[in-house]
Amino acid sequence: MVRNVAPLMTELEPEDFYLLSGVEQGMRFSEWVNRDKLPALANLTAENVDYRLDRCMSRDLVQRKTIQYEGYQLTFEGYDALALRTFAQRDTVDGVGAPLGVGKESDVLEVQSYKPLALKFHREGYTNFREVNKEREYTADHHHVSWLYTARKAAEREYETLTDLYPDVAVPRPVDHNRHAIVMEKFAGVELGRAKLDPSQAVGVLDLVLRELQKAYEAGYVHADMSEYNVAVSEEGITVFDWPQAVATDHDNARELLERDVRNVAGYFRRKYPRPVPDVDVGRVTDRIVDGTFESVRDD
């Protein structure tokens, strides 16, 4: 379940955020930040660091581990608090509401602003960042000691991609970005995997999804992680979300990843709606997406 740190924000003092920022800075160089380095990193006296550590640890914003030294690390809640403070200072977010979705690599909350928006916290790498670091395109060629980098880079990648794709592709409108968090427009509908389509609609919805992949390709991107869990279906149409693993179309594996996206989506529709949905020639459909001529799976 998402732990909403928003109620803690009014309890925290400016010096608490200095401490959190100091730990964040230290985690750029070490997974666990040496206690002796925190006064300089946080610009606080040693006595004030002790006091702020107690306050932040009691609120589960910082955790401690004794190794060869006394080390400290932000929890994701501590990282959330830093991002929320920045969004509040920018007047992007006025308040935080109920969870909208919980996944293994992200949490999404409703937030109040000039209109209801969605706040997505990336969680990549918190429990297994070395494994994620190895697998993800945006970290694979680098050595990093902290999950903060992996989560932040995932958010940066997704925000940049959404900015490039919107509004030509049916993706959430990006609003703001900080650290591992993105504020975006809420989108209508339910996950394709939970939607109960009339079988007569199945081919039409499949075509919609594939045409959005074609538009994304024309804009220079392959989603690279498509499934029934990152497409929302509503009466207005569809929305394709979760783009942190997107790759550019000039990537060495772009064609392979696009073909996998097509196979995943077409395979889901074929399994769930076997009668109306025809067998899809994945290679042929991928070719037509690449050359910009895809219209419908019924054309093959």
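Nothing here was measured: the structure is a model prediction, and the numbers come from that model.

Description of the overall build of the protein chain
Part 1 of the argument: The secondary structure content of the protein chain amounts to 9 helices and 13 strands.
Part 2 of the argument: Considering only C-alpha atoms, the protein chain reaches an extent of 70 × 40 × 30 Å along its principal axes.
Part 3 of the argument: Counting only residues that meet the buried cut, the protein chain has 51% of its 300 residues in that class.
Part 4 of the argument: Look at the contacts in the protein chain between residues 6 or more apart in sequence, and 62% of them connect residues 24 or more apart.
Part 5 of the argument: Accessible surface computed for the protein chain: about 14,500 Å², of which carbon and sulfur atoms make up 45%.
Part 6 of the argument: One finds the centroid of the 38 positive side-chain charges in the protein chain at a distance of 3 Å from the centroid of its 53 negative side-chain charges.

A short note on the domain arrangement of the protein chain
Part 1 of the argument: Entries for the protein chain in the domain assignment read domain 1 (6-185) and domain 2 (190-291).
Part 2 of the argument: Taking the mean C-alpha position of each, domain 1 and domain 2 sit 31 Å from one another.
Part 3 of the argument: Listed per partner, the contact involves 19 residues of domain 1 and 15 residues of domain 2.
Part 4 of the argument: Summed over both partners, the interface of domain 1 with domain 2 buries about 1,300 Å², with 59% contributed by carbon and sulfur atoms.
Part 5 of the argument: Counting the surface domain 1 buries against domain 2, the share from its top three residues, Leu 165, Val 169 and Ala 170, is 32%.
Part 6 of the argument: Across the domain 1-domain 2 interface, the total number found is 1 salt bridge.
Part 7 of the argument: For Lys 120, the salt bridge is made with Asp 242, and the minimal N-O distance between the two is 2.6 Å.

Examining the confidence of the model for the protein chain
Part 1 of the argument: With 92% of its residues at a pLDDT of 70 or more, the protein chain has an overall mean of 93.
Part 2 of the argument: A low-confidence stretch, residues 129-134 stays under pLDDT 50, and its non-local contacts, those more than four residues away or across chains, total 17 contacts.
Part 3 of the argument: Below a pLDDT of 50 lies the segment residues 138-142, which in the model reaches 14 contacts outside its immediate sequence neighbourhood of four places, other chains included.

Structural notes on the sheet that holds strand E11 (residues 231-234)
Through backbone hydrogen bonds, the strands of a sheet pair up, either in parallel or in antiparallel fashion.
Part 1 of the argument: Ordered by their spatial adjacency, 3 strands build an open sheet running E9-E11-E12, and the pairing between neighbours is antiparallel. Single-partner strands in this sheet number two, and they are strand E9 (190-191) and strand E12 (237-240).
Part 2 of the argument: The pairing of E9 with E11 spans 2 bridges and is classified as antiparallel. The partner of Val 190 across the bridge, within E11, is Val 233.
Part 3 of the argument: Contacting E11 and E12, helix H7 (residues 202-218) runs over the sheet at an angle of about 40° to E12.

Focus on the pattern of salt bridges
Part 1 of the argument: On inspection of all chains with the given rule, the structure shows 23 salt bridges.
Part 2 of the argument: Its salt-bridge partner being Glu 24, residue Arg 179 comes within 2.8 Å of it at the nearest N-O pair. In this pair, Arg 179 is assigned in the loop between strand E7 (174-178) and strand E8 (181-185) and Glu 24 in helix H1 (residues 14-26), connecting sequence segments 155 residues apart.
Part 3 of the argument: Judged by relative accessible area, which is 17%, Arg 179 ranks as buried.
Part 4 of the argument: Relative accessible area serves as the criterion here: at 11%, Glu 24 is assigned to the buried category.

Section: helix H3 (residues 46-58)
Part 1 of the argument: A rise of 1.5 Å per residue sets the reference length of H3, with its 13 residues, at 18 Å; its end C-alpha atoms lie 18 Å apart and thus fit the reference within 8%.
Part 2 of the argument: Three or more residues of H3 are buried, namely Val 49, Arg 52, Leu 53, Arg 55 and Cys 56. Relative to the axis of H3, the buried residues are bounded by an arc of 165° and lie together on one face. Those residues of H3 that are exposed and angled more than 90 degrees off the buried face are Glu 47, Asp 54 and Ser 58.
Part 3 of the argument: Buried residues belonging to H3 abut H1, helix H2 (38-42), strand E2 (62-66) and strand E3 (70-74).

Quick look at the packing of H1 against H3
Part 1 of the argument: Close contact between H1 and H3 brings their axes to 9 Å; oriented N to C, the two are set at 90°. Taken together, H1 and H3 sit at an angle that is classed as roughly perpendicular. Contacts between H1 and H3 involve Glu 15, Asp 16, Leu 19 and Leu 20 from the former and Asn 48, Val 49, Arg 52, Leu 53, Arg 55 and Cys 56 from the latter.
Part 2 of the argument: Grouping the amino acids of the contact of H1 with H3 by side-chain chemistry returns 5 nonpolar, 1 polar and 4 charged.

A word on the sheet that holds E2
Part 1 of the argument: Judged by pairing direction, the sheet is antiparallel, and its 3 strands sit side by side in the order E1-E3-E2 without closing on themselves. Pairing within the sheet leaves two strands with one partner each, and these edge strands are strand E1 (33-34) and E2.
Part 2 of the argument: Sheet analysis places E2 next to E3, joined by 5 bridges and oriented antiparallel. Across the sheet, the residue bridging to Gln 63 is Gln 73, located in E3.
Part 3 of the argument: Along the sheet face, H1 touches E1, E2 and E3 and points at about 105° away from the line of E3.
Part 4 of the argument: Those strands touched by H3 are E2 and E3, and its axis lies near 110° from that of E2.

About the cut-offs
- Residues numbered from 1 in each chain as written.
- Predicted model: local features only at pLDDT ≥ 70, side-chain atom pairs only at ≥ 80, totals over all residues.
- Heavy atoms only, no water.
- Helix = DSSP H or I, 4+ residues; strand = E, 2+ residues; numbered from the N terminus.
- Buried < 20%, exposed > 50% of the residue type's maximum accessible area, 1.4 Å probe, protein only.
- Contact = heavy atoms within 4.5 Å.
- Areas by Shrake-Rupley, 256 points an atom, 1.4 Å probe, with all protein chains shown as cover.
- Lys, Arg positive; Asp, Glu negative; His and termini not counted.
- Charge placed at Lys NZ, Arg CZ, Asp CG, Glu CD.
- Domains from an automatic or database assignment.
- Buried area = accessible area lost by both parts, 1.4 Å probe.
- Salt bridge = Lys/Arg side-chain N within 4 Å of Asp/Glu carboxyl O.
- pLDDT = per-residue confidence, 0-100.
- Pairing = 2+ DSSP bridges.
- Axes fitted to C-alpha atoms, helices over the stretch in contact; angles between N-to-C directions.
- Expected span 1.5 Å × (residues − 1).
- Arc of directions from axis to C-beta.
- Parallel < 35°, antiparallel > 145°, perpendicular 65-115°, else oblique.
- Nonpolar A, V, L, I, M, F, W, Y, C, P; charged D, E, K, R; others polar.

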